[in-house]
Amino acid sequence: MTEAAAQTLDAATDEPPLPKRSALTDMLGELADLWRVTLDTLFYTFNHKREKGAVITQCYAIGNRSLFFMVVTMGFIGAIVVYQIGIQTARIIPDMSLVGATYVKLLIRDLAASVGAMPLATRVGAGIAAEIGSMVVTEQTDALRMSAADPVDYLVVPRFLASVLMGTSILLIGGAVAYFAGMLICNLSFDVNPYVYMNFSMVTSGDCILGFIKCLVYGGTIALVSSQRGLRTFGGSEGVGRATTEAVVGSLFAIITLNLIMSTIGNFLLPA
Amino acid sequence: MIELFDVHKHFKEPVLRGVSLSVPAKGIYALIGPGAAGKSILFKIIAGLVTPERGSVRVNGEEVVGRREREMMDLRRGIGMLFQNYALFDLSVAENIAFPLRRLFDFSEDEIEARVAERLERVALPGFQDRNPASCSGGQKKRIGVARATIARAPIVLYDEPTAGLDPVTSQKIYNLIREEQRAQESTVMVISSDVNGVLSIADRVGMLHKGRLIFDGTVDEARVCPTPEVNQFVHGLTEGPL
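Predicted model only: the values in this text are computed from it and were never measured.

Draft legend 1. Structural view of the overall build of chain B. When helices and strands are counted, chain B shows nine helices and ten strands. Computed over the C-alpha atoms, the radius of gyration of chain B is 18 Å, within 12% of the 18 Å expected from 2.2 N^0.38 for a compact globule of 243 residues. The principal-axis extents of the C-alpha atoms in chain B amount to approximately 55 × 40 × 35 Å. Relative to its full complement of 243 residues, chain B shows a buried share of 55%. The contacts in chain B between residues at least 6 apart in sequence include a share of 64% that link residues at least 24 apart. Here chain B has roughly 10,100 Å² of accessible surface; of this, 48% comes from carbon and sulfur atoms. With 31 positive and 32 negative side-chain charges, chain B shows a separation of 3 Å between the mean positions of the two kinds.

So, in C-alpha coordinates, the structure goes:
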(Lines give C-alpha, C1' and ligand atoms only; values in the text may rest on other atoms or scores of the structure.)
Protein backbone atom coordinates (compact mmCIF):
# COMPACT_ATOMS: atom_id res chain seq x y z
CA MET A 1 0.00 0.00 0.00
CA THR A 2 2.90 2.24 0.71
CA GLU A 3 3.87 3.64 -2.69
CA ALA A 4 0.33 4.29 -3.77
CA ALA A 5 -0.36 5.96 -0.49
CA ALA A 6 2.70 8.15 -0.83
CA GLN A 7 1.69 9.24 -4.31
CA THR A 8 -1.73 10.32 -3.14
CA LEU A 9 -0.40 11.83 0.06
CA ASP A 10 -1.70 15.32 -0.47
CA ALA A 11 -4.86 14.39 -2.29
CA ALA A 12 -6.81 13.97 0.94
CA THR A 13 -10.03 13.12 -0.80
CA ASP A 14 -11.33 10.57 1.69
CA GLU A 15 -11.33 12.58 4.87
CA PRO A 16 -14.59 13.66 6.46
CA PRO A 17 -15.48 17.33 5.94
CA LEU A 18 -14.57 19.66 8.79
CA PRO A 19 -17.68 20.69 10.70
CA LYS A 20 -18.46 24.40 10.41
CA ARG A 21 -18.36 26.17 13.77
CA SER A 22 -19.72 29.57 14.59
CA ALA A 23 -19.02 31.76 17.63
CA LEU A 24 -22.46 30.80 18.97
CA THR A 25 -21.70 27.08 18.56
CA ASP A 26 -18.39 27.56 20.35
CA MET A 27 -20.05 29.43 23.23
CA LEU A 28 -22.77 26.81 23.60
CA GLY A 29 -20.08 24.12 23.55
CA GLU A 30 -18.20 25.91 26.33
CA LEU A 31 -21.37 26.24 28.42
CA ALA A 32 -22.19 22.57 27.88
CA ASP A 33 -18.66 21.65 28.95
CA LEU A 34 -18.93 23.88 32.04
CA TRP A 35 -22.22 22.17 32.89
CA ARG A 36 -20.58 18.74 32.48
CA VAL A 37 -17.67 19.74 34.74
CA THR A 38 -20.15 21.07 37.32
CA LEU A 39 -22.20 17.86 37.32
CA ASP A 40 -19.08 15.65 37.48
CA THR A 41 -17.69 17.78 40.32
CA LEU A 42 -20.91 17.43 42.32
CA PHE A 43 -21.00 13.69 41.57
CA TYR A 44 -17.43 13.10 42.75
CA THR A 45 -17.85 15.43 45.75
CA PHE A 46 -20.46 13.12 47.19
CA ASN A 47 -19.34 9.77 45.76
CA HIS A 48 -15.55 9.48 46.06
CA LYS A 49 -12.98 9.55 48.81
CA ARG A 50 -10.47 12.37 48.58
CA GLU A 51 -6.70 11.89 48.49
CA LYS A 52 -5.31 12.48 51.95
CA GLY A 53 -4.50 16.17 52.46
CA ALA A 54 -5.66 17.26 48.99
CA VAL A 55 -8.37 19.64 50.24
CA ILE A 56 -6.18 21.01 53.05
CA THR A 57 -3.39 21.81 50.57
CA GLN A 58 -5.83 23.66 48.35
CA CYS A 59 -7.36 25.46 51.35
CA TYR A 60 -3.90 26.81 52.14
CA ALA A 61 -3.26 27.84 48.51
CA ILE A 62 -6.68 29.43 48.02
CA GLY A 63 -7.29 30.75 51.53
CA ASN A 64 -4.14 31.63 53.40
CA ARG A 65 -2.25 32.86 50.37
CA SER A 66 -5.12 35.14 49.31
CA LEU A 67 -5.78 36.56 52.76
CA PHE A 68 -3.33 39.48 52.74
CA PHE A 69 -4.30 40.54 49.20
CA MET A 70 -8.01 40.39 50.04
CA VAL A 71 -7.67 42.24 53.35
CA VAL A 72 -5.74 45.09 51.74
CA THR A 73 -8.03 45.28 48.68
CA MET A 74 -11.26 45.16 50.67
CA GLY A 75 -9.89 47.67 53.17
CA PHE A 76 -9.28 50.19 50.39
CA ILE A 77 -12.61 49.42 48.69
CA GLY A 78 -14.48 49.86 51.99
CA ALA A 79 -12.72 53.16 52.68
CA ILE A 80 -13.38 54.52 49.17
CA VAL A 81 -17.06 53.49 49.13
CA VAL A 82 -17.79 55.05 52.54
CA TYR A 83 -15.90 58.23 51.63
CA GLN A 84 -17.95 58.62 48.43
CA ILE A 85 -21.20 57.84 50.27
CA GLY A 86 -20.29 60.46 52.87
CA ILE A 87 -19.57 63.15 50.26
CA GLN A 88 -22.84 62.54 48.39
CA THR A 89 -24.86 62.34 51.61
CA ALA A 90 -23.42 65.63 52.87
CA ARG A 91 -24.65 67.36 49.70
CA ILE A 92 -28.24 66.22 50.19
CA ILE A 93 -28.78 65.92 53.94
CA PRO A 94 -25.89 66.87 56.18
CA ASP A 95 -26.79 64.09 58.61
CA MET A 96 -24.26 61.25 58.76
CA SER A 97 -25.95 59.23 61.50
CA LEU A 98 -27.36 56.63 59.11
CA VAL A 99 -24.30 56.21 56.90
CA GLY A 100 -23.03 53.26 58.95
CA ALA A 101 -26.44 51.62 59.13
CA THR A 102 -27.12 51.79 55.36
CA TYR A 103 -23.54 50.86 54.48
CA VAL A 104 -23.51 47.73 56.62
CA LYS A 105 -26.82 46.61 55.11
CA LEU A 106 -25.45 47.12 51.60
CA LEU A 107 -22.21 45.40 52.57
CA ILE A 108 -23.87 42.34 54.06
CA ARG A 109 -26.51 41.98 51.39
CA ASP A 110 -24.30 42.48 48.37
CA LEU A 111 -21.00 44.37 48.40
CA ALA A 112 -18.92 42.07 50.62
CA ALA A 113 -19.73 39.07 48.44
CA SER A 114 -20.07 40.56 44.96
CA VAL A 115 -17.30 43.15 45.07
CA GLY A 116 -15.02 40.92 47.14
CA ALA A 117 -15.49 38.02 44.71
CA MET A 118 -13.90 40.02 41.90
CA PRO A 119 -10.40 40.41 43.35
CA LEU A 120 -10.77 36.87 44.69
CA ALA A 121 -11.49 35.64 41.15
CA THR A 122 -8.36 37.30 39.80
CA ARG A 123 -6.19 35.80 42.55
CA VAL A 124 -7.71 32.32 42.85
CA GLY A 125 -9.13 31.83 39.36
CA ALA A 126 -5.87 32.66 37.63
CA GLY A 127 -3.97 30.30 39.92
CA ILE A 128 -6.34 27.38 39.38
CA ALA A 129 -6.45 27.79 35.59
CA ALA A 130 -2.66 28.16 35.30
CA GLU A 131 -2.01 25.13 37.49
CA ILE A 132 -4.47 22.81 35.74
CA GLY A 133 -3.60 24.24 32.31
CA SER A 134 0.08 23.49 32.87
CA MET A 135 -0.82 19.93 33.82
CA VAL A 136 -2.86 19.58 30.63
CA VAL A 137 -0.08 20.81 28.30
CA THR A 138 2.51 18.59 30.01
CA GLU A 139 0.19 15.58 29.58
CA GLN A 140 -0.21 15.07 33.34
CA THR A 141 -3.99 14.95 32.99
CA ASP A 142 -3.57 12.20 30.38
CA ALA A 143 -1.30 10.35 32.81
CA LEU A 144 -4.02 10.70 35.46
CA ARG A 145 -6.62 9.27 33.10
CA MET A 146 -4.30 6.36 32.24
CA SER A 147 -4.33 5.58 35.97
CA ALA A 148 -8.13 5.75 36.16
CA ALA A 149 -8.00 9.08 37.98
CA ASP A 150 -10.57 11.37 36.42
CA PRO A 151 -9.00 14.88 36.37
CA VAL A 152 -12.30 16.31 37.60
CA ASP A 153 -12.20 14.02 40.63
CA TYR A 154 -8.49 14.40 41.29
CA LEU A 155 -7.91 18.05 40.44
CA VAL A 156 -11.20 19.95 40.35
CA VAL A 157 -13.04 18.59 43.40
CA PRO A 158 -10.35 19.52 46.00
CA ARG A 159 -10.14 23.02 44.51
CA PHE A 160 -13.93 23.32 44.43
CA LEU A 161 -14.32 22.30 48.09
CA ALA A 162 -11.44 24.54 49.19
CA SER A 163 -12.75 27.46 47.18
CA VAL A 164 -16.25 27.14 48.64
CA LEU A 165 -14.88 26.88 52.18
CA MET A 166 -12.03 29.38 52.05
CA GLY A 167 -13.65 31.68 49.48
CA THR A 168 -16.63 32.11 51.79
CA SER A 169 -14.38 32.67 54.81
CA ILE A 170 -12.24 35.22 52.99
CA LEU A 171 -15.24 37.11 51.62
CA LEU A 172 -16.66 37.33 55.14
CA ILE A 173 -13.32 38.52 56.51
CA GLY A 174 -13.00 40.97 53.59
CA GLY A 175 -16.48 42.31 54.36
CA ALA A 176 -15.52 42.87 57.99
CA VAL A 177 -12.33 44.66 56.96
CA ALA A 178 -14.29 46.86 54.51
CA TYR A 179 -16.72 47.70 57.31
CA PHE A 180 -14.05 48.73 59.78
CA ALA A 181 -12.09 50.64 57.13
CA GLY A 182 -15.32 52.53 56.42
CA MET A 183 -15.69 53.25 60.13
CA LEU A 184 -12.20 54.72 60.25
CA ILE A 185 -12.80 56.95 57.22
CA CYS A 186 -16.21 58.02 58.52
CA ASN A 187 -14.64 59.07 61.78
CA LEU A 188 -11.62 60.82 60.26
CA SER A 189 -13.36 62.53 57.32
CA PHE A 190 -16.90 63.19 58.57
CA ASP A 191 -16.42 63.10 62.33
CA VAL A 192 -18.92 60.28 62.82
CA ASN A 193 -18.65 58.62 66.19
CA PRO A 194 -17.90 54.86 65.90
CA TYR A 195 -20.82 54.12 68.22
CA VAL A 196 -23.14 55.96 65.81
CA TYR A 197 -21.54 54.22 62.83
CA MET A 198 -21.99 50.75 64.34
CA ASN A 199 -25.73 50.68 63.82
CA PHE A 200 -27.10 47.29 62.73
CA SER A 201 -30.78 48.17 63.11
CA MET A 202 -31.43 48.00 59.35
CA VAL A 203 -29.85 44.57 58.87
CA THR A 204 -32.33 41.69 58.62
CA SER A 205 -31.77 37.95 58.76
CA GLY A 206 -32.70 37.89 55.04
CA ASP A 207 -29.73 40.15 54.27
CA CYS A 208 -27.40 37.80 56.14
CA ILE A 209 -28.80 34.68 54.45
CA LEU A 210 -28.61 36.21 50.95
CA GLY A 211 -25.08 37.54 51.53
CA PHE A 212 -23.90 34.17 52.85
CA ILE A 213 -25.44 32.27 49.91
CA LYS A 214 -23.69 34.63 47.51
CA CYS A 215 -20.35 33.97 49.20
CA LEU A 216 -20.84 30.19 48.88
CA VAL A 217 -21.95 30.40 45.24
CA TYR A 218 -19.13 32.73 44.19
CA GLY A 219 -16.52 30.55 45.88
CA GLY A 220 -17.74 27.48 43.99
CA THR A 221 -18.22 29.36 40.71
CA ILE A 222 -14.66 30.72 40.64
CA ALA A 223 -13.27 27.19 41.09
CA LEU A 224 -15.58 25.60 38.51
CA VAL A 225 -15.14 28.21 35.77
CA SER A 226 -11.36 28.38 36.27
CA SER A 227 -10.96 24.59 36.38
CA GLN A 228 -13.03 24.18 33.23
CA ARG A 229 -10.86 26.72 31.42
CA GLY A 230 -7.75 24.97 32.69
CA LEU A 231 -8.95 21.57 31.51
CA ARG A 232 -9.69 23.00 28.06
CA THR A 233 -6.16 24.37 27.66
CA PHE A 234 -4.72 23.67 24.24
CA GLY A 235 -1.20 24.40 23.05
CA GLY A 236 1.89 25.25 25.06
CA SER A 237 2.61 28.18 27.34
CA GLU A 238 0.56 30.43 25.06
CA GLY A 239 -2.42 28.16 25.70
CA VAL A 240 -1.88 28.35 29.47
CA GLY A 241 -1.79 32.15 29.27
CA ARG A 242 -4.98 32.17 27.23
CA ALA A 243 -6.70 29.80 29.66
CA THR A 244 -5.66 31.98 32.62
CA THR A 245 -7.06 35.12 31.02
CA GLU A 246 -10.27 33.34 30.04
CA ALA A 247 -10.62 31.96 33.58
CA VAL A 248 -10.50 35.44 35.12
CA VAL A 249 -12.82 36.97 32.50
CA GLY A 250 -15.21 34.00 32.71
CA SER A 251 -15.27 34.06 36.51
CA LEU A 252 -16.00 37.81 36.60
CA PHE A 253 -18.73 37.42 33.99
CA ALA A 254 -20.25 34.51 35.94
CA ILE A 255 -20.14 36.49 39.21
CA ILE A 256 -21.93 39.47 37.67
CA THR A 257 -24.54 37.27 35.98
CA LEU A 258 -25.15 35.23 39.13
CA ASN A 259 -25.34 38.41 41.21
CA LEU A 260 -28.13 39.69 38.98
CA ILE A 261 -30.00 36.38 39.23
CA MET A 262 -29.53 35.95 43.00
CA SER A 263 -30.32 39.58 43.79
CA THR A 264 -33.52 39.42 41.73
CA ILE A 265 -34.65 36.19 43.37
CA GLY A 266 -33.49 37.50 46.77
CA ASN A 267 -35.65 40.61 46.41
CA PHE A 268 -38.71 38.39 46.13
CA LEU A 269 -37.84 35.72 48.68
CA LEU A 270 -35.81 37.82 51.15
CA PRO A 271 -36.94 41.43 50.66
CA ALA A 272 -34.51 44.14 51.79
CA MET B 1 -2.77 -7.15 19.53
CA ILE B 2 -3.64 -3.62 18.44
CA GLU B 3 -5.75 -3.01 15.35
CA LEU B 4 -6.79 0.26 13.80
CA PHE B 5 -9.10 0.58 10.84
CA ASP B 6 -9.69 3.75 8.84
CA VAL B 7 -8.99 6.09 11.76
CA HIS B 8 -9.61 9.78 11.07
CA LYS B 9 -8.93 12.61 13.46
CA HIS B 10 -8.79 16.36 12.99
CA PHE B 11 -8.40 19.33 15.25
CA LYS B 12 -8.23 22.57 13.29
CA GLU B 13 -6.72 20.57 10.44
CA PRO B 14 -6.76 16.85 9.67
CA VAL B 15 -4.24 15.00 11.83
CA LEU B 16 -4.96 11.39 10.89
CA ARG B 17 -6.34 10.50 7.49
CA GLY B 18 -7.69 6.97 7.34
CA VAL B 19 -4.95 5.12 9.23
CA SER B 20 -5.29 1.34 9.21
CA LEU B 21 -2.70 -0.65 11.12
CA SER B 22 -2.25 -4.01 12.76
CA VAL B 23 0.38 -4.35 15.49
CA PRO B 24 1.26 -7.98 16.20
CA ALA B 25 1.35 -9.15 19.82
CA LYS B 26 4.55 -9.67 21.82
CA GLY B 27 6.88 -7.58 19.70
CA ILE B 28 8.18 -4.06 19.37
CA TYR B 29 6.54 -1.87 16.76
CA ALA B 30 8.35 1.37 15.96
CA LEU B 31 6.27 4.27 14.71
CA ILE B 32 8.40 6.84 12.95
CA GLY B 33 7.72 9.97 10.99
CA PRO B 34 8.47 13.68 10.83
CA GLY B 35 7.04 16.12 13.35
CA ALA B 36 3.26 16.74 13.30
CA ALA B 37 2.66 13.50 11.41
CA GLY B 38 0.04 12.40 13.97
CA LYS B 39 2.11 9.83 15.90
CA SER B 40 1.33 10.98 19.44
CA ILE B 41 -2.36 11.40 18.64
CA LEU B 42 -2.40 7.84 17.33
CA PHE B 43 -1.07 6.63 20.70
CA LYS B 44 -3.67 8.65 22.57
CA ILE B 45 -6.40 7.18 20.37
CA ILE B 46 -5.15 3.65 21.13
CA ALA B 47 -5.20 4.46 24.87
CA GLY B 48 -8.69 5.95 24.62
CA LEU B 49 -7.47 9.42 25.63
CA VAL B 50 -8.61 10.96 22.34
CA THR B 51 -11.68 9.94 20.35
CA PRO B 52 -11.38 9.75 16.56
CA GLU B 53 -14.08 11.18 14.31
CA ARG B 54 -14.21 7.99 12.30
CA GLY B 55 -12.75 4.52 12.40
CA SER B 56 -12.30 1.58 14.71
CA VAL B 57 -9.62 0.79 17.30
CA ARG B 58 -9.42 -2.65 18.86
CA VAL B 59 -7.04 -3.48 21.70
CA ASN B 60 -6.82 -7.18 22.52
CA GLY B 61 -10.05 -7.68 20.61
CA GLU B 62 -11.99 -5.00 22.48
CA GLU B 63 -13.31 -1.89 20.77
CA VAL B 64 -11.96 1.32 22.29
CA VAL B 65 -13.92 3.93 20.31
CA GLY B 66 -17.28 4.89 21.78
CA ARG B 67 -16.51 3.86 25.35
CA ARG B 68 -17.33 6.30 28.10
CA GLU B 69 -14.54 7.52 30.39
CA ARG B 70 -15.72 5.43 33.31
CA GLU B 71 -15.74 2.31 31.08
CA MET B 72 -12.09 2.78 30.13
CA MET B 73 -10.68 1.55 33.45
CA ASP B 74 -10.49 -2.14 32.48
CA LEU B 75 -8.86 -1.26 29.17
CA ARG B 76 -6.27 1.03 30.79
CA ARG B 77 -5.30 -1.61 33.35
CA GLY B 78 -3.80 -3.40 30.38
CA ILE B 79 -1.90 -0.43 28.93
CA GLY B 80 1.20 1.30 30.27
CA MET B 81 2.26 4.58 28.72
CA LEU B 82 5.35 6.76 28.75
CA PHE B 83 4.50 10.32 27.78
CA GLN B 84 6.61 12.56 25.59
CA ASN B 85 6.74 15.33 28.24
CA TYR B 86 7.39 12.85 31.10
CA ALA B 87 3.99 13.78 32.64
CA LEU B 88 5.40 13.24 36.13
CA PHE B 89 3.30 14.61 38.96
CA ASP B 90 4.48 16.97 41.68
CA LEU B 91 4.89 14.00 44.01
CA SER B 92 7.92 11.99 45.11
CA VAL B 93 9.48 9.56 42.62
CA ALA B 94 8.03 6.61 44.57
CA GLU B 95 4.54 8.14 44.60
CA ASN B 96 4.76 8.80 40.86
CA ILE B 97 5.72 5.22 40.07
CA ALA B 98 3.17 3.76 42.48
CA PHE B 99 0.34 5.97 41.19
CA PRO B 100 -1.13 3.49 38.64
CA LEU B 101 -0.92 0.64 41.16
CA ARG B 102 -2.81 2.59 43.80
CA ARG B 103 -5.54 3.70 41.41
CA LEU B 104 -5.98 0.62 39.24
CA PHE B 105 -5.24 -2.28 41.56
CA ASP B 106 -5.74 -3.34 45.14
CA PHE B 107 -2.21 -4.08 46.32
CA SER B 108 -1.00 -3.84 49.91
CA GLU B 109 1.37 -1.01 50.83
CA ASP B 110 4.21 -3.51 51.34
CA GLU B 111 3.73 -4.95 47.88
CA ILE B 112 3.57 -1.49 46.31
CA GLU B 113 6.77 -0.49 48.11
CA ALA B 114 8.53 -3.66 46.96
CA ARG B 115 7.42 -3.20 43.37
CA VAL B 116 8.54 0.43 43.31
CA ALA B 117 11.96 -0.54 44.67
CA GLU B 118 12.25 -3.33 42.08
CA ARG B 119 11.31 -0.93 39.26
CA LEU B 120 13.82 1.66 40.41
CA GLU B 121 16.55 -1.01 40.49
CA ARG B 122 15.50 -2.05 36.99
CA VAL B 123 15.82 1.48 35.59
CA ALA B 124 19.11 1.99 37.44
CA LEU B 125 17.78 4.58 39.88
CA PRO B 126 17.99 2.77 43.22
CA GLY B 127 17.32 4.92 46.26
CA PHE B 128 15.46 7.59 44.29
CA GLN B 129 12.16 6.94 46.09
CA ASP B 130 12.01 10.16 48.09
CA ARG B 131 13.38 12.53 45.49
CA ASN B 132 11.22 14.98 43.62
CA PRO B 133 11.18 14.54 39.82
CA ALA B 134 11.86 18.28 39.44
CA SER B 135 15.35 17.71 40.83
CA CYS B 136 16.09 14.90 38.32
CA SER B 137 17.80 15.19 34.93
CA GLY B 138 15.97 14.57 31.64
CA GLY B 139 17.34 11.03 31.35
CA GLN B 140 16.36 10.23 34.94
CA LYS B 141 12.86 11.58 34.33
CA LYS B 142 12.52 9.35 31.28
CA ARG B 143 13.62 6.36 33.33
CA ILE B 144 11.13 7.24 36.08
CA GLY B 145 8.51 7.40 33.32
CA VAL B 146 9.56 3.97 32.06
CA ALA B 147 9.29 2.61 35.60
CA ARG B 148 5.78 4.03 35.94
CA ALA B 149 4.72 2.73 32.52
CA THR B 150 5.86 -0.79 33.34
CA ILE B 151 5.04 -1.14 37.03
CA ALA B 152 1.61 -2.64 36.42
CA ARG B 153 3.17 -5.27 34.10
CA ALA B 154 0.63 -4.32 31.46
CA PRO B 155 0.50 -6.50 28.33
CA ILE B 156 0.66 -3.39 26.14
CA VAL B 157 3.16 -0.57 26.66
CA LEU B 158 3.28 2.64 24.60
CA TYR B 159 6.47 4.73 24.65
CA ASP B 160 6.13 8.23 23.17
CA GLU B 161 9.57 9.64 22.31
CA PRO B 162 11.44 7.82 25.08
CA THR B 163 14.79 9.32 24.09
CA ALA B 164 13.89 12.85 22.98
CA GLY B 165 16.51 15.30 24.16
CA LEU B 166 18.84 12.65 25.56
CA ASP B 167 22.48 12.02 24.69
CA PRO B 168 23.29 8.98 22.50
CA VAL B 169 24.60 6.84 25.36
CA THR B 170 21.58 7.43 27.58
CA SER B 171 19.31 6.95 24.55
CA GLN B 172 20.77 3.55 23.80
CA LYS B 173 20.47 2.57 27.47
CA ILE B 174 16.78 3.50 27.36
CA TYR B 175 16.29 1.47 24.16
CA ASN B 176 18.03 -1.52 25.72
CA LEU B 177 15.83 -1.15 28.78
CA ILE B 178 12.71 -1.11 26.62
CA ARG B 179 13.85 -4.25 24.81
CA GLU B 180 14.72 -6.06 28.07
CA GLU B 181 11.40 -5.08 29.61
CA GLN B 182 9.51 -6.27 26.55
CA ARG B 183 11.26 -9.64 26.65
CA ALA B 184 10.80 -10.04 30.39
CA GLN B 185 7.08 -9.23 30.31
CA GLU B 186 6.41 -10.61 26.81
CA SER B 187 4.44 -7.47 26.20
CA THR B 188 3.30 -5.75 23.02
CA VAL B 189 5.28 -2.55 22.72
CA MET B 190 4.85 0.46 20.45
CA VAL B 191 7.58 3.10 20.37
CA ILE B 192 7.38 6.53 18.75
CA SER B 193 10.76 8.00 18.02
CA SER B 194 12.41 10.53 15.77
CA ASP B 195 15.72 8.75 16.47
CA VAL B 196 15.35 6.31 13.59
CA ASN B 197 18.61 4.40 14.00
CA GLY B 198 18.09 3.92 17.73
CA VAL B 199 14.52 2.74 17.53
CA LEU B 200 15.14 0.46 14.55
CA SER B 201 17.90 -1.25 16.54
CA ILE B 202 15.25 -2.77 18.85
CA ALA B 203 12.13 -2.88 16.65
CA ASP B 204 10.60 -5.98 15.08
CA ARG B 205 8.34 -4.03 12.76
CA VAL B 206 8.13 -0.41 11.74
CA GLY B 207 5.47 1.95 10.43
CA MET B 208 5.90 5.45 9.07
CA LEU B 209 3.31 8.19 9.37
CA HIS B 210 3.46 11.22 7.15
CA LYS B 211 0.82 13.96 6.96
CA GLY B 212 -1.60 11.75 8.84
CA ARG B 213 -1.25 8.73 6.59
CA LEU B 214 0.54 5.46 7.18
CA ILE B 215 2.86 5.35 4.18
CA PHE B 216 4.88 2.34 5.27
CA ASP B 217 4.26 -0.77 7.35
CA GLY B 218 6.74 -3.63 7.33
CA THR B 219 9.87 -5.13 8.84
CA VAL B 220 12.95 -3.13 9.68
CA ASP B 221 14.85 -4.63 6.72
CA GLU B 222 12.01 -3.71 4.36
CA ALA B 223 12.08 -0.15 5.73
CA ARG B 224 15.78 0.19 4.97
CA VAL B 225 15.26 -0.66 1.28
CA CYS B 226 11.81 0.89 0.81
CA PRO B 227 11.65 2.78 -2.51
CA THR B 228 9.01 5.26 -1.33
CA PRO B 229 10.90 8.58 -1.42
CA GLU B 230 9.60 9.85 1.94
CA VAL B 231 10.44 6.58 3.71
CA ASN B 232 13.85 6.30 2.07
CA GLN B 233 14.73 9.89 2.96
CA PHE B 234 13.52 9.62 6.58
CA VAL B 235 15.06 6.23 7.35
CA HIS B 236 18.44 7.17 5.92
CA GLY B 237 18.37 10.76 7.20
CA LEU B 238 18.91 12.31 3.77
CA THR B 239 18.65 16.05 3.30
CA GLU B 240 17.55 15.75 -0.35
CA GLY B 241 14.03 14.51 -0.93
CA PRO B 242 10.34 15.30 -0.64
CA LEU B 243 10.34 15.86 3.15
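Draft legend 2. Spatial organisation of the pattern of salt bridges. Residues and elements named next belong to chain A. Scanning the entire structure with this criterion turns up 27 salt bridges over all chains. E246 serves as the salt-bridge partner of R229, at 2.5 Å between the closest nitrogen and oxygen. Taken together, the positions of R229 in helix α8 (residues 205–231) and E246 in helix α9 (residues 237–269) put the pair 17 residues apart, joining distant regions of the chain. With a relative accessible area of 31%, E246 lands in the partly exposed category. Residues joined by salt bridges that share partners form a network here, namely E30, D33, R36, D40, R229, R232 and E246.

Draft legend 3. Seen up close, the side chain of Q182 of chain B. Residue and element names in this part refer to chain B. Among the secondary structure elements, Q182 is positioned in helix α6 (residues 168–185). Here the side chain of Q182 touches R179 through a polar contact of 2.8 Å, side chain to side chain. Apart from the residues within four sequence positions on either side, Q182 is in contact with K26, G27, I28, S187 and V189.

Draft legend 4. Representation of the packing of α8 of chain A against α9 of chain A. Residue and element names in this part refer to chain A. Their axes nearest at 9 Å, the elements α8 and α9 cross at an angle of 150°. Taken together, the axes of α8 and α9 are roughly antiparallel relative to one another. With respect to the hand of their crossing, α8 and α9 are arranged in right-handed fashion. Along its contact with α8, which presents L210, I213, K214, V217, Y218, T221, I222, V225, S226 and R229, the element α9 presents A243, E246, A247, G250, S251, A254, I255, L258, N259, M262, S263 and G266. Among the residues making up the contact of α8 with α9, the classes are represented as twelve nonpolar, seven polar and three charged.

Draft legend 5. Highlighting the pairing of strand β10 (residues 213–219) of chain B. All names here are of chain B. By the criterion of burial, β10 is predominantly enclosed, with five of the seven residues buried. Here strand β9 (residues 205–210) runs beside β10; their pairing, made up of six bridges, is antiparallel. Across the sheet, residue V206 finds its bridge partner in β10, namely G218. In this antiparallel pair of consecutive strands, β9 and β10, the connection spans two residues, and K211 shows a positive phi of 50°.

Draft legend 6. Just the pairing of strand β3 (residues 28–32) of chain B, in detail. Residues and elements named next belong to chain B. Among the five residues in β3, five count as buried, and that is most of the element. The pairing of β3 with strand β8 (residues 188–192) spans four bridges and is classified as parallel. Each residue of the ladder has a partner; that of L31, found in β8, is I192.

Draft legend 7. Local environment of the packing of aromatic side chains. Per the stated rule, a full pass over the model turns up nine aromatic pairs over all chains. When the centroid spacing of 5.3 Å and the interplanar angle of 70° are considered together, the rings of F43 of chain A and Y44 of chain A count as edge-to-face. Among the residues examined, F43 of chain A registers a relative accessible area of 34% and is labelled partly exposed. On the numbers, 4.8 Å between centres and 55° between planes, the contact of F89 of chain B with F99 of chain B is tilted. Taken as a pair, F89 of chain B in the loop between β6 (79–82) and α3 (93–104) and F99 of chain B in helix α3 lie far apart in primary sequence, ten residues in all. Across the pair, F99 of chain B and F89 of chain B agree in class, each one buried. Through a chain of ring-to-ring contacts, three or more aromatic side chains come together here, namely Y179, F180, Y197 and F200 of chain A. In this structure, R77 of chain B packs its charged tip against the face of F105 of chain B, placed 6.0 Å from the ring centre.

What counts, and at which threshold
- Residues numbered from 1 in each chain as written.
- Chains lettered and ligands numbered in written order.
- Predicted model: local features only at pLDDT ≥ 70, side-chain atom pairs only at ≥ 80, totals over all residues.
- Heavy atoms only, no water.
- Helix = DSSP H or I, 4+ residues; strand = E, 2+ residues; numbered from the N terminus.
- Rg over C-alpha atoms; globule rule 2.2 N^0.38 Å.
- Buried < 20%, exposed > 50% of the residue type's maximum accessible area, 1.4 Å probe, protein only.
- Contact = heavy atoms within 4.5 Å.
- Areas by Shrake-Rupley, 256 points an atom, 1.4 Å probe, with all protein chains shown as cover.
- Lys, Arg positive; Asp, Glu negative; His and termini not counted.
- Charge placed at Lys NZ, Arg CZ, Asp CG, Glu CD.
- Salt bridge = Lys/Arg side-chain N within 4 Å of Asp/Glu carboxyl O.
- Polar contact = N/O pair within 3.5 Å; in protein donor to acceptor, adjacent residues only side chain to side chain.
- Axes fitted to C-alpha atoms, helices over the stretch in contact; angles between N-to-C directions.
- Parallel < 35°, antiparallel > 145°, perpendicular 65-115°, else oblique.
- Left-handed = near helix turned anticlockwise from the far one by under 90°.
- Nonpolar A, V, L, I, M, F, W, Y, C, P; charged D, E, K, R; others polar.
- Pairing = 2+ DSSP bridges.
- Phe/Tyr/Trp six-rings, centres within 6.5 Å; stacked < 30°, edge-to-face > 60°.
- Lys NZ or Arg CZ within 6 Å of the ring centre and 35° of its normal.

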